[in-house]
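Observations on the model geometry
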Amino acid sequence: MPFITVKMLKGRTADQKRELVKTITDAMATICNAKPEGTMVVIEEVARDHWARGGVLSSERE
């Protein structure tokens, strides 16, 4: 039973997240022969002021 965690910045729509989890689930089924009903995908959304790259907060990059 695969358990996949996706970490990304907040701001995606429900439709985008729906498509993402469907695509990930389909890929696991196709590539790894995993059963879709047993594949779990968790999306962890992080606020832009809680995510940094190169020592700079994402909220300060925009």
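See the structure above.
Everything numeric here is computed off the predicted structure, so don't read it as measured data. (Residues numbered from 1 in each chain as written. Predicted model: local features only at pLDDT ≥ 70, side-chain atom pairs only at ≥ 80, totals over all residues. Heavy atoms only, no water.)

This part is about the pattern of salt bridges. The full count for this structure, using the stated rule, is 4 salt bridges. The partner of Arg-18 in a salt bridge is Asp-15, and the shortest N-O contact between them spans 2.5 Å. Here Asp-15 and Arg-18 lie together in helix α1 (residues 14–32), a separation of 3 residues that amounts to about one turn. Each member of the pair, Arg-18 as well as Asp-15, is classed as exposed. (Salt bridge = Lys/Arg side-chain N within 4 Å of Asp/Glu carboxyl O. Helix = DSSP H or I, 4+ residues; strand = E, 2+ residues; numbered from the N terminus. Buried < 20%, exposed > 50% of the residue type's maximum accessible area, 1.4 Å probe, protein only.)

Before going further, it helps to examine unusual backbone geometry. Here the phi dihedral of Asn-33 falls at roughly 55°; this positive angle occurs in a residue that is not glycine. Residue classification places Asn-33 among the exposed positions, given a relative accessible area of 68%.

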